[in-house]
Amino acid sequence: MKDCLFCKIANGEVESETVYTDELVCAFNDINPQTPVHILIVPRKHIEGVNALTEEDKEIIGHIFLVARKLSEEKSISESGFRILVNSGSNAGQVVEHLHFHLLGGTRLKPI
Ligand code: AMP
Ligand code: ZN
């Protein structure tokens, strides 16, 4: 997608603090962190959001959770706890229309 910020981050056109990358996903620090650990995990494939998911995306979504698990261990938040969050649509506050998973931790999170 030509004008998509997260596609540009994934392909290196826009700089980010990358913490993990592979053939399916990339993960980078959120530019406006809400918690001590705030990482965005995004598929390399341009998927606009949860509403745009299809059967063929199953592998990517499963993979994203395994990457989140790995990163939570690397950032030493796996035992203390963390939250994985996806905003979908305007009521949820989705700003970037490229599917992304927030990995939040390093502090006690407010109950939702
Ligand atoms: P959402 O509100 O779920 O769409 O989340 C978008 C997230 O992207 C927000 O937490 C922003 O702080 C983050 N963000 C926006 N631009 C960048 C950027 N260039 N690098 C890293 N994170 C960004
Ligand atoms: Zn995109």
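Since the model is a prediction, treat every value here as computed from it, not as a measurement.

Participant: Just to check I follow, could you spell out the coordination of the zinc ion (ligand 2) for this structure?
Facilitator: For a metal bound by four donors in a tetrahedral arrangement, the ideal donor-metal-donor angle is 109.5 degrees, while six donors in an octahedral arrangement ideally sit at 90 or 180 degrees. The coordination sphere of the zinc ion (ligand 2), as far as protein atoms go, consists of Cys-4 (SG), Cys-7 (SG), His-46 (ND1) and His-98 (ND1), spread over 2.0 to 2.3 Å. Coordination at the zinc ion (ligand 2) is tetrahedral: its four donor atoms span angles of 104 to 116° at the metal. All donor residues of the zinc ion (ligand 2) come from one chain, and their arrangement in sequence is C-x2-C-x38-H-x51-H. Placement of the pair is Cys-7 in helix H1 (residues 5–10) and His-98 in the loop between strand S4 (82–85) and strand S5 (101–105), with a sequence separation of 91 residues.

Participant: Please clarify how the packing of aromatic side chains should be interpreted in this entry.
Facilitator: Here the distance between the centres and the angle between the planes together describe a pair of aromatic rings. Tallied over the full model, the rule gives two aromatic pairs. The interplanar angle of 70° and the centroid separation of 5.4 Å between the aromatic rings of Phe-6 and Phe-28 together place this pair among those described as edge-to-face. Within this pair, whereas Phe-6 is found in helix H1, its partner Phe-28 is found in strand S2 (residues 25–29), the two being separated by 22 residues in sequence. By relative accessible area, which is 5% here, Phe-6 ends up buried. A relative accessible area of 3% means that Phe-28 is categorised as buried.

Participant: Quick question: what am I supposed to make of helix H2 (residues 58–74) here?
Facilitator: In an α-helix there are 3.6 residues to a turn, and that puts residues three or four apart on one side. In a regular helix each residue adds 1.5 Å, so 17 residues correspond to 24 Å; H2 covers 25 Å between its end C-alpha atoms and thus fits that length. Those residues of H2 that fall on the buried side of the exposure criterion are Ile-60, Ile-61, Ile-64, Val-67, Ala-68, Leu-71 and Ser-72. All buried residues of H2 project into a common sector of 135° when viewed along the axis, lining one side. Every exposed residue of H2 that faces more than 90 degrees away from the buried side is listed here: Lys-58, Glu-59, Leu-66 and Arg-69. In this structure, the buried side of H2 is in contact with strand S1 (18–21), S2, strand S3 (37–43), S4 and S5.

Calculation notes
Residues numbered from 1 in each chain as written. Chains lettered and ligands numbered in written order. Predicted model: local features only at pLDDT ≥ 70, side-chain atom pairs only at ≥ 80, totals over all residues. Heavy atoms only, no water. Donors = N, O, S within 2.8 Å, 3.2 Å for Na, K, Ca; no water. Tetrahedral: all angles 85-135°; square planar, octahedral: opposite > 155°, others 65-115°. Helix = DSSP H or I, 4+ residues; strand = E, 2+ residues; numbered from the N terminus. Phe/Tyr/Trp six-rings, centres within 6.5 Å; stacked < 30°, edge-to-face > 60°. Buried < 20%, exposed > 50% of the residue type's maximum accessible area, 1.4 Å probe, protein only. Expected span 1.5 Å × (residues − 1). Arc of directions from axis to C-beta. Contact = heavy atoms within 4.5 Å.

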